[in-house]
Amino acid sequence: MLWAALAGLFATGFTITILAVSLGDVARDLGASETALTWTVTGPFLALALSMPLFGKIGDVRGHRRVYLVGLAGFTVATILTAFAWDGASLIAIRAIGAVPGAATGPASMALIMRAFPEDERVKAMGWWSLVGAGAPVLGLVAGGPLVDAIGWRAMFLVQAPIALAALLVAIPVLHETPRMERQSIDYAGAGALAAATVSALLGLSVGSQIGWTNPFALGLFALAPLGIAAFVAIERRAEYPLLPLRFFRERNFTASLAAQFTSNFGYMGGFIVTPLLMERVFGFTVAATSLAMICRPLSFSLSSPVAGYVAVRVGERRASVLGCALVVVSMACFALGASTESLPLVFGALVLSGLGLGASQPSLISSAANAVETASLGVANAAQVMVTQIGVVAGIQVLSTVQGGGSSPSSFTTAYLAGGIVAALGVVGASFVQSADRPARLRVAEAA
């Protein structure tokens, strides 16, 4: 069951990175501008924020297997259509619309896995989930680069479609349906308010970096976000069956984990988007060499995640998550020092450290938040985690890109990394509030030692 669910996660994440690094080829093929085609990357983020909490709740009420299979089937169709996009507008639309069913697979796969494992084993399973989630884009980049160079960008999606179809055919007989909540309605009003808040925040971050943070349109989008949150809270307080029960946020592990995931991903992905520019403009790397060098970061994330899941069982989720978040902060300091001193070994060390840090913290943070809620609400709780992480990712990318300013001076990169490190340090604070699961077996090992 674990591997069947992870197969779908792999299939949906395989091409996340390849399109971002192939925008030049795509723009020339479709006769579109690269600036406009950046929405092929941003659009899916907005679609995820719009639909993920709703799909998580529908899975809780109607069954996660059904949501997972329908989502994966829809994603497979969208992948095939992507390969036959005829212009820039059609590609952007297909990518955004196709991300909606794809958004269903992440929380549903997490919920299916967590229901199959007892609470004290979930952190191990989430280690494997994190490995596949981070490893799929790496393999897509490694395998997709030569394909794009040889026969074009459309080939990647023609390869992805049968992978997704195979994952779907495996999942049908292997996955079992989860219990459903009888006679419970879906809180569409709450879903709409939450979607309005998150989409306006993400859209504001995306356009603010392009048109200016003080532009009236960007300011208007940012103003809508707290209004959407206020409306969401008001709706949830009155709803008979709320989309995301507000009592979840009174659970220490749930709120602390979400805060740590947001801030650590802010620094992690902000640094990830700035570092290629550093390597090209300060160290003189080619685009191909930069792509190969950057692989060591998600690779270290992928390799450390499953190990971190098993280590957390012995030392506790709190220690594992604090250590991981602290390593992200240290990596940002190494980035800043490497940029200011133009030390390439420090930059490579920082790439590895940041991957190790996030890989060490994520399984513990994810499982701690999930274990803080009842099993019947795992879908929407997991969706909330993924949504908060996505907001942190977009915020880190846009803010650090703006701080760096697009220049070539080492000092601009140093400032951006320090800004990311300050925000990531708040992740250590959040992780320190996480309480480890009470595991008698682990305590017996510690006492024997």
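Refer to the structure printed above.
The notes below deal with the structure included here. From a predicted model like this one, the values you see are computed outputs, not experimental measurements.

**Some points on the overall build of the protein**
Scanning the protein for helices and strands turns up 19 helices and zero strands. Per-residue burial for the protein yields a buried fraction of 55% across its 449 residues. In the protein, of all internal contacts separated by at least 6 residues, the share reaching a separation of at least 24 is 83%.

**Topic: the pattern of salt bridges**
A complete count under the given rule lists three salt bridges for this structure. Ionic pairing is found between Asp 29 and Arg 154, a salt bridge with its closest N-O pair at 3.1 Å. One end of the pair, Asp 29, is in helix H3 (residues 23–30); the other, Arg 154, is in helix H9 (residues 154–174), and 125 residues separate them in sequence. A residue is classified by how much of its surface remains accessible, and Arg 154, at 25% relative accessible area, is partly exposed. One salt bridge connects Lys 124 with Glu 121, and the closest N-O pair in it is separated by 3.2 Å. Since its relative accessible area comes to 26%, Glu 121 is described here as partly exposed.

**Focus on the environment of Thr 402**
Checked against the element boundaries, Thr 402 lands in helix H17 (residues 378–404). For the pair Thr 402 and Gln 210, spaced 192 residues apart in sequence, the C-alpha to C-alpha distance is 8.9 Å. Setting aside residues up to four positions removed in sequence, Thr 402 forms contacts with Ser 209 and Trp 213.

**Notes on the packing of helix H7 (residues 88–116) against H17**
Direction vectors running N to C along H7 and H17 enclose 130°, while the axes themselves pass 8 Å from each other. With respect to H17, the axis of H7 lies oblique. Here the hand of the crossing between H7 and H17 comes out right-handed. Contact residues: Pro 107, Met 110, Ala 111, Met 114 and Arg 115 in H7; Leu 378, Gly 379, Asn 382, Ala 383 and Val 386 in H17. Among the residues making up the contact of H7 with H17, the classes are represented as seven nonpolar, two polar and one charged.

**A closer look at unusual backbone geometry**
At Glu 342, a residue that is not glycine, the phi angle is positive and equals roughly 55°. Position of Glu 342 relative to the elements: it lies in the loop between helix H15 (317–341) and helix H16 (344–371).

**Considering the nonpolar core**
Taken as a class, soluble globular proteins show a tendency for nonpolar side chains to be buried jointly. If you look at the biggest cluster of nonpolar residues, it comprises 68 residues, and the most contacted ones within it are Ile 113, Trp 129, Phe 254 and Tyr 417. Residue contributions to this core peak at twelve residues, all from H17. Excluding residues that lie within four positions of it along the chain, Trp 129 makes contacts with Leu 6, Leu 9, Gly 106, Ser 109, Met 110, Ile 113 and Ile 366. Judged by nonpolar contacts, the second largest core, of 18 residues, contains Phe 75, Ala 104, Ala 167 and Ala 171.

**Digging into the environment of Leu 169**
On the secondary structure map, Leu 169 appears in helix H9. Classification of Leu 169 by relative accessible area gives exposed; the value is 54%.

**Re the packing of helix H6 (residues 64–83) against H7**
At a minimum axis distance of 8 Å, the contact between H6 and H7 shows a crossing angle of 150°. Put simply, H6 runs roughly antiparallel to H7. Remark: the crossing between H6 and H7 carries left-handed chirality. Residues of the contact of H6 with H7, tallied by class, amount to 13 nonpolar, eight polar and three charged.

**Some words on the packing of aromatic side chains**
Inspection of every chain in the model, using the stated rule, returns six aromatic pairs. Ring geometry for Phe 335 and Tyr 417: centres 4.7 Å apart, planes at 10°, overall stacked. On the criterion of sequence distance, the pair formed by Phe 335 in helix H15 and Tyr 417 in helix H18 (residues 410–432) is long-range, its members being 82 residues apart. Judged by relative accessible area, Phe 335 falls into the buried class, the value being 0%. On the basis of relative accessibility, which here comes to 0%, the residue Tyr 417 falls in the buried class. Taken together, the aromatic side chains of Phe 248, Phe 249 and Phe 254 make up a single cluster linked through ring pairs. The ring of Tyr 268 carries the charged tip of Arg 297 above its face, separated from the ring centre by 4.1 Å.

Thresholds, definitions, all that
- Residues numbered from 1 in each chain as written.
- Predicted model: local features only at pLDDT ≥ 70, side-chain atom pairs only at ≥ 80, totals over all residues.
- Heavy atoms only, no water.
- Helix = DSSP H or I, 4+ residues; strand = E, 2+ residues; numbered from the N terminus.
- Buried < 20%, exposed > 50% of the residue type's maximum accessible area, 1.4 Å probe, protein only.
- Contact = heavy atoms within 4.5 Å.
- Salt bridge = Lys/Arg side-chain N within 4 Å of Asp/Glu carboxyl O.
- Axes fitted to C-alpha atoms, helices over the stretch in contact; angles between N-to-C directions.
- Parallel < 35°, antiparallel > 145°, perpendicular 65-115°, else oblique.
- Left-handed = near helix turned anticlockwise from the far one by under 90°.
- Nonpolar A, V, L, I, M, F, W, Y, C, P; charged D, E, K, R; others polar.
- Core = buried A, V, L, I, M, F, W, Y, C linked by side-chain atoms within 4.5 Å.
- Phe/Tyr/Trp six-rings, centres within 6.5 Å; stacked < 30°, edge-to-face > 60°.
- Lys NZ or Arg CZ within 6 Å of the ring centre and 35° of its normal.

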